[in-house]
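# Reading the structure
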Amino acid sequence: KIFNILFTPDGTKLISVSEDKTIRVWDSRTGELVKKFESEIGKGPEGMLYASAISPDGKYLAVAGYPVASEGSNHVIIIDLKKGKQVGTAKGHNNVINTLDFSGSGKYLASGSDDGTVNIWRVAESKEIPLVTTLQIDFPVRGVSFNSKTQSLAVASDQRNVLIYDLIK
């Protein structure tokens, strides 16, 4: 089952993430599989991928999903698409990560989780990507979306409303 799909900014590729713990990069014109990233993390649902986001310049892909019991916290993986490898990890949620989005500048990444929080990360190639701030929502977070012009962040949760945060000036 595919949980998230997105086009690269140039429209030439399509990226899917799924419960089979794979990330697949497809040629959007021919439908051919270009690259496949596989994860052997965890048993059963552990490590299933539910969320993905691509940076505005198309360089980075962020993916996340179901936590692994042996890990201290859940994490977001950052992949450099040109290099074809993981270049960063953002650790900090303690439940399923449902949603991701990069800011319009590509400098920040928002992640929303069933733990009732949104984490804002400073994008970097690092074993531990720096956490900028945590927004306490108190309900499972289903969607996050940065406004690429104003850098405001919209957050949708099980509270059945949308909250707007002016984070970056």
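Heads up: the structure comes first, above all this text.
Since the structure is predicted, the reported quantities are computational estimates derived from the model, not experimental observations.

What follows covers the packing of aromatic side chains. Throughout the structure, instances matching the rule amount to two aromatic pairs. Ring centres 6.5 Å apart and planes at 85° place the aromatic pair tyrosine 50 and tyrosine 66 in the edge-to-face group. Here tyrosine 50, found in strand E5 (residues 49-54), pairs with tyrosine 66, found in the loop between strand E6 (60-65) and strand E7 (74-80); they are 16 residues apart in sequence, far enough to count as distant. Linked through ring pairs, Phe3, Tyr50 and Tyr66 together constitute an aromatic cluster.

What follows covers the pairing of strand E11 (residues 117-122). Judged by how many residues are buried, E11 sits mostly within the fold: five of six residues are covered. Bridging between strand E10 (residues 108-113) and E11 involves five bridges; their strand directions are antiparallel. The partner of tyrosine 108 across the bridge, within E11, is arginine 122. Connecting E10 to the next strand, E11, in antiparallel fashion are three residues, including glycine 116 with a positive phi near 80°. Here E11 pairs with strand E12 (residues 131-136) via five bridges, running antiparallel. Paired with tryptophan 121 across the strands is leucine 131, a residue of E12.

Moving on, we come to the pattern of salt bridges. Inspection of the entire model under this criterion finds six salt bridges. The partner of lysine 36 in a salt bridge is glutamate 38, with the nearest N and O atoms 3.8 Å apart. For lysine 36, a relative accessible area of 36% corresponds to the partly exposed category. A relative accessible area of 58% means that glutamate 38 is categorised as exposed. Its salt-bridge partner being glutamate 125, residue lysine 59 comes within 3.7 Å of it at the nearest N-O pair. You can see lysine 59 sitting in the loop between E5 and E6 and its partner glutamate 125 sitting in the loop between E11 and E12, a full 66 residues away along the chain. On the basis of relative accessible area, lysine 59 is assigned to the partly exposed category, the value being 33%.

Thresholds, definitions, all that
Residues numbered from 1 in each chain as written. Predicted model: local features only at pLDDT ≥ 70, side-chain atom pairs only at ≥ 80, totals over all residues. Heavy atoms only, no water. Phe/Tyr/Trp six-rings, centres within 6.5 Å; stacked < 30°, edge-to-face > 60°. Helix = DSSP H or I, 4+ residues; strand = E, 2+ residues; numbered from the N terminus. Buried < 20%, exposed > 50% of the residue type's maximum accessible area, 1.4 Å probe, protein only. Pairing = 2+ DSSP bridges. Salt bridge = Lys/Arg side-chain N within 4 Å of Asp/Glu carboxyl O.

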